[in-house]
Amino acid sequence: MRISTGYGIDWREGFLAVARYERFCRGERTETLLKMSSPTSDSLATAPTASLIREAQRRRRALAVAAVPCREGVVLRLRVPLRNRARARRVLPSLLDATIPFSLEECRYVIPEMRVSAVNEMSVVAVVAPRDAIARRLEALRAAGFDPAILVSEGLALWIGSLAESPIHEEPDAARIVLYAGGDNWVGVGGLETEIRWAISAPPPSAGVDAAAVASACLPFLRRWRAETFGVAKRPLQWHWCGPALPPPEVRAEAERRLAADGHIVFAEYPEPASFLARSLARAAGDAGASSGQLRCAEDEHPDWASWRARSEARAWLGLATTGALLTAVNLAGLAALRRADTEAGADLSRIAADIAAVRRAPYGRELVVARAAVERRRESAAPFARAAEAPALHALATTLRTAADVHIQLHEADISDQRLLVTGTAARTEEVAALEQALRDRGWTLEKRGGTGPAFTMKGTRP
Amino acid sequence: MTRRRGLPLPIIAWLFALVGLGTSVMALREAPRLDNSIRRKRMDVAEARRLRAELTRLDGIRAAWDTLSGAPLTAPEEIFRRMATDLAAPEWKEREPEPIADGWRRRRVEGVFHEAPLEWIGAFVNRCAEARPPWRLARIHVVVSESSRGYGSVTMTLEGLEREETAP
């Protein structure tokens with residue numbers, strides 16, 4: 001089952017790429033739908049992808065995402081010396097105002113990431129873009145036939161896409177640069193481990209590219225990386241190429257040799273590099289975390305974005321309601337089960353007590369009293385019969401006579417009743433008397449006293 | 001428009017959450033009380049079952065006597081005679097019968113054997129116990145004779161139950 005769909009639109013001067021991201025119950029899929037060099041307004045209007053997006057938007061089935069060019073804004077990581085998020089948010093505008101090259105009042109800024117990084121310090125990623133640049137970008141996209149619900153920073157989208165397509169989390173202290181080679185400008189995004197550190201743009205190499213020009217165009221990114229990660233990065237730098245205007249492989253190979261001359265750099269290229277940004281943007285549409293860098297102003301909110309937020313909000317409320325309902329159901333069911341068990345135990349007790357006392361219904365709370373009284377009455381009336389069925393004196397007599405004959409005890413006298421016993425006699429050895437004692441004990445007699453002088457003995461016993 | 005449509009959901013969600021919380025508090029307060037009550041009642045049920053088992057045992061004892069269907073006790077003299085011995089007849093003395101529950105009475109007979117083989121005395125007492133209704137040995141006093149081994153004078157008390165109306 002499909003959970004969410006997103007379209008990423010990488011549209012810039014001379015290039016258009018569209019990708020689709022789909023998230024299912026089990027897994028996700030990202031695919032490139034369209035790559036077009038030098039698109040014209042006619043070709044854009046007739047492109048099947050544009051109508052696909054428009055249809056999906058009309059049915060509120062998907063979010064379309066486009067990027068605000070990196071040169072139009074700033075992506076930066078700040079260290080705020082506070083642990084409290086609300087306080088950090090309050091002081092952040094002052095910090096940003098002092099850091100960015102624009103007036104913050106004319107900008108829109110978002111904070112896609114804010115987390116405690118060290119003792120009394122918070123690590124914050126801020127994306128800032130002037131409002132008029134955002135408006136211009138939106139107008140240009142609309143003129144091309146697209147109305148994206150989300151606008152995100154190009155640099156942030158590239159970094160999130162890079163982490164999604166080649167995870168970095170298992171390599172501590174790993175540093176990475178993602179270089180997007182566009183026709184109009186090149187964008188470099190740098191980071192350490194999973195943290196984005198910076199995103200800058202630079203002019204592309206001049207026409208008729210050679211290795212020296214490519215290496216030269218890459219130098220601003222390398223310098224920024226060295227400045228940001230000096231003494232921190234301990235592993236080789238991972239350099240990932242992407243973008244529609246990548247230099248030819250042989251030129252790039254030569255440029256890579258030049259760049260790697262003064263440092264250990266491992267170069268790689270993403271599959272389908274031209275549509276990498278489009279894929280990253282599409283992924284941002286399907287991932288609530290990635291779309292947290294939404295730059296489109298609240299005053300010009302897209303209906304898709306509004307309904308997506310409403311759905312997210314509704315899901316959160318439904319989660320709360322479901323939890324409450326489940327809690328109620330479990331508690332009520334548990335109490336009902338306990339009450340039922342209590343009633344059943346009470347009914348059992350009442351039934352057994354009534355059965356014992358031979359009454360229709362035993363009084364509540366006095367069931368055991370009634371049952372005990374009934375059994376006591378029956379015990380009294382049956383006592384003579386029970387006593388008549390027992391023969392302790394007979395058994396004691398038989399045991400005494402048999403054991404005395406077996407172990408050669410000379411009996412003198414035996415006085416045996418139901419509860420008392422007195423046996424006197426003579427035995428050659430104490431073991432013989434012990435054998436008689438044991439035989440009587442086995443019959444339930446408690447022998448209180450044993451005495452006598454020499455071989456003669458007297459045995460007294462009782463039983464309950 | 002969207003906001004107006006979405007407004008009840010938070011209220012409903014909070015209501016559900018509050019009801020869930022309320023029932024949790026109720027369950028936390030009620031469950032230990034019910035648990036104690038169930039435990040106590042189950043212990044009482046176990047005690048009541050034990051009492052019922054005892055009642056069944058007592059009824060079984062009583063039923064065993066009822067199956068004798070009112071037959072009278074055989075007199076110990078008669079049992080002695082049936083054993084066809086050449087011993088001197090013992091002296092028998094019967095006490096006044098003692099009435100007990102439901103038309104039954106207890107008879108008590110005391111017999112004195114002056115000189116009898118102890119083995120024979122054991123066999124006689126067994127024969128009395130095997131009679132229907134049975135006699136039971138309530139007390140026996142044996143004084144072994146010094147002159148002849150295995151002989152002695154015996155005083156015994158026998159008890160037996162029988163229905164009053166069947167008594168001769």
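Note that the coordinates shown come from a computational prediction; the quantities given were computed from them, not determined experimentally.

J.: Which residues make up the overall build of chain A, and what values go with them?
T.: A tally of helices and strands in chain A yields twelve helices and 17 strands. Each of the 464 residues in chain A was classed as buried or not, and the buried ones make up 48%. Per element, the accessible surface of chain A, about 22400 Å² overall, is 53% carbon and sulfur.

J.: Lay out the environment of alanine 414 of chain A in plain terms, naming residues and giving numbers.
T.: Residue position: alanine 414 of chain A is located in strand β14 (residues 410-417). Each C-alpha atom, one on alanine 414 of chain A and one on threonine 458 of chain A, is 9.8 Å from the other, the two residues being 44 residues apart in sequence. Setting aside residues no more than four positions away along its own chain, alanine 414 of chain A makes contact with Leu422 and Val423 of chain A together with Ile140, His141 and Val142 of chain B.

J.: Describe the confidence of the model for chain B, listing the residues and the values that go with them.
T.: Residues and elements named next belong to chain B. In the predicted model, chain B carries a mean pLDDT of 87, and 93% of its residues have values of at least 70. The weakest mean pLDDT in chain B belongs to helix α1 (residues 2-6) at 48; the strongest belongs to strand β4 (residues 135-144) at 94. Predicted as a complex, the structure gets a pTM of 0.62 and an ipTM equal to 0.75.

J.: Describe the interface of chain A and chain B, and please don't skip the residues or the numbers.
T.: If you look at the interface, chain A gives 54 residues, while chain B gives 55 residues. Between chain A and chain B the total buried area reaches about 5200 Å² when both faces are included, carbon and sulfur atoms providing 68% of it. Across the salt bridge formed by glutamate 159 of chain B and arginine 387 of chain A, the nearest N and O atoms sit 3.3 Å from each other. Viewed at the interface, chain B and chain A are joined by 20 residue pairs in polar contact (both at pLDDT 80 or more). If you tally residues by element for the side of chain A that touches chain B, the top one is helix α9 (residues 303-357) of chain A, at 24 residues. Classifying every residue of the side of chain A that touches chain B by side-chain character gives 34 nonpolar, eight polar and twelve charged. Alignment of β14 of chain A against β4 of chain B, held across five bridges, turns out to be antiparallel. By the bridge assignment, glutamate 413 of chain A is partnered in β4 of chain B with valine 143 of chain B.

J.: Give me the sheet that holds strand β10 (residues 186-192) of chain A: which residues, what numbers.
T.: Residues and elements named next belong to chain A. Taken in spatial order, the eight strands of this open sheet run β6-β7-β5-β11-β10-β9-β12-β13, and their pairing is mixed. Where the open sheet ends on each side, the last strands, each with one partner, are β6 (107-118) and β13 (265-269). Here the average twist between neighbouring strands, direction ignored, is 20°. With nine bridges joining them, β6 and strand β7 (residues 121-130) adopt antiparallel strand pairing. When the sheet's bridge partners are listed, alanine 118 is paired in β7 with glutamate 121. Against the sheet, helix α5 (residues 154-165) engages β5 (74-80), β6, β7, β9 (175-181), β10, β11 (195-202) and β12 (237-242), with an angle of about 55° to β10.

J.: Can you explain the packing of aromatic side chains? Please cite residues and give values.
T.: Each aromatic ring pair is characterised by the separation of its centres together with the angle its planes make. Residues and elements named next belong to chain A. A complete count under the given rule lists 17 aromatic pairs over all chains for this structure. Judged by centre distance (6.4 Å) and plane angle (20°), the rings of tryptophan 241 and phenylalanine 267 are stacked. Pair noted here: tryptophan 241 is in strand β12 and phenylalanine 267 is in strand β13, with a separation of 26 residues, a long-range link. For the pair tryptophan 241 and phenylalanine 267, one class covers both residues: buried.

J.: An account of the packing of α9 of chain A against helix α10 (residues 367-389) of chain A is needed here, citing residue identities and associated values.
T.: All names here are of chain A. Contact geometry of α9 with α10 gives a least axis separation of 8 Å together with a crossing angle of 25°. Relative to α10, the element α9 lies roughly parallel. Classified by chirality, the crossing of α10 by α9 is left-handed. Residue-level contacts link Leu349, Ser350, Ala353, Ile356 and Ala357 of α9 to Glu367, Val370, Ala371, Ala374 and Val375 of α10. Residue composition of the contact of α9 with α10, grouped by class: eight nonpolar, one polar and one charged.

How each quantity is defined
Residues numbered from 1 in each chain as written. Chains lettered and ligands numbered in written order. Predicted model: local features only at pLDDT ≥ 70, side-chain atom pairs only at ≥ 80, totals over all residues. Heavy atoms only, no water. Helix = DSSP H or I, 4+ residues; strand = E, 2+ residues; numbered from the N terminus. Buried < 20%, exposed > 50% of the residue type's maximum accessible area, 1.4 Å probe, protein only. Areas by Shrake-Rupley, 256 points an atom, 1.4 Å probe, with all protein chains shown as cover. Contact = heavy atoms within 4.5 Å. pLDDT = per-residue confidence, 0-100. Buried area = accessible area lost by both parts, 1.4 Å probe. Salt bridge = Lys/Arg side-chain N within 4 Å of Asp/Glu carboxyl O. Polar contact = N/O pair within 3.5 Å; in protein donor to acceptor, adjacent residues only side chain to side chain. Nonpolar A, V, L, I, M, F, W, Y, C, P; charged D, E, K, R; others polar. Pairing = 2+ DSSP bridges. Axes fitted to C-alpha atoms, helices over the stretch in contact; angles between N-to-C directions. Phe/Tyr/Trp six-rings, centres within 6.5 Å; stacked < 30°, edge-to-face > 60°. Parallel < 35°, antiparallel > 145°, perpendicular 65-115°, else oblique. Left-handed = near helix turned anticlockwise from the far one by under 90°.

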